[in-house]
Amino acid sequence: MMRKYETIFILQPDLGEDDVKTITDKVQDVVASFKGDFHRLDDWGSRKLAYQIRKFPRGRYFYLRFDGEAALVAELERRLRLDEKVLRYLSVNITDEPEKKVVERKPAAETTEAAETAAE
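The paragraphs below set out a description of the structure included in this document.

Calculation criteria
By convention here, each chain's residues receive numbers from 1 onward along its written sequence. Restriction of local features to residues with pLDDT of at least 70 applies here, the model being predicted, together with a cutoff of 80 or more for giving and counting side-chain atom pairs; totals for whole chains, interfaces and linings are based on all residues. Excluding hydrogens and water, the side-chain values take into account all heavy atoms of the structure. A side-chain nitrogen of Lys or Arg and a carboxyl oxygen of Asp or Glu constitute a salt bridge if their distance falls within 4 Å. Runs of E in the DSSP output that reach at least two residues are strands. Runs of H or I that reach at least four are helices, and both are numbered from the N terminus. Each residue gets one of three labels from its accessible area relative to the maximum for its type: buried under 20%, exposed over 50%, partly exposed in between, using a 1.4 Å probe on protein chains only. Ring geometry is summarised as follows: Phe, Tyr and Trp rings, the Trp one being its six-membered ring, pair when their centres sit within 6.5 Å, and such pairs are stacked at plane angles under 30 degrees, edge-to-face over 60 and tilted between the two. Comment: the charge-over-ring label is applied if NZ (Lys) or CZ (Arg) is within 6 Å of the ring centre and within 35 degrees of the ring normal.

### What to know about the pattern of salt bridges
Applying the stated criterion across every chain yields a total of eight salt bridges. We note a salt bridge from D83 to K26, for which the minimum N-O separation is 3.0 Å. With D83 in the loop between α2 (70-82) and β4 (86-93) and K26 in helix α1 (residues 17-33), this pair connects stretches of sequence that are 57 residues apart. We classify K26 as partly exposed; its relative accessible area is 27%.

Right, dumping it as structure tokens:
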């Protein structure tokens with residue numbers, strides 16, 4: 001039976017787009033090669049860390065949601081551990097958690113216009 005997983009990984013904040021693309025492609029390849037179901041990969045952007053990791057005060061966060069077996073998670077974490085551009089990672093089994101609705105965020109300009117039309 002396939003289980004649902006979330007993995008959040010933090011990359012060095014000063015990486016170029018090519019390095020980021022290489023790592024995100026590698027992550028998706030692992031999911032595909034272990035016959036997992038890839039759902040989403042979100043770039044949460046650069047954020048301040050609670051404490052410095054390898055002298056980096058900030059990190060670039062990524063959220064990965066997929067379904068798969070335990071072997072897939074083990075291989076994914078092994079590859080993340082070997083990449084020195086990855087500061088931290090955490091995988092969580094969310095199979096028994098209730099499904100969360102993903103809220104699509106609207107650009108700030110649209111919400112201001114909607115508020116102005118509602119006020120008229």
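Structure shown, so let's carry the discussion forward.
### Quick word on the packing of aromatic side chains
Under the counting rule described, the total for this entry stands at three aromatic pairs. On the numbers, 5.4 Å between centres and 10° between planes, the contact of F9 with F62 is stacked. Taken together, the positions of F9 in strand β1 (residues 3-11) and F62 in strand β3 (residues 56-68) put the pair 53 residues apart, joining distant regions of the chain. When the ring of W44 is compared with that of Y63, the centres are 5.4 Å apart and the planes differ by 10°; the resulting orientation is stacked. Separated by 19 residues along the polypeptide, W44 in strand β2 (residues 37-53) and Y63 in strand β3 bring together distant segments of the chain. Using a relative accessible area of 12% as the deciding quantity, one classes Y63 as buried. Positioned above the aromatic ring of Y61 is the side chain of R47, whose terminal nitrogen or guanidinium carbon lies 5.8 Å from the ring centre.

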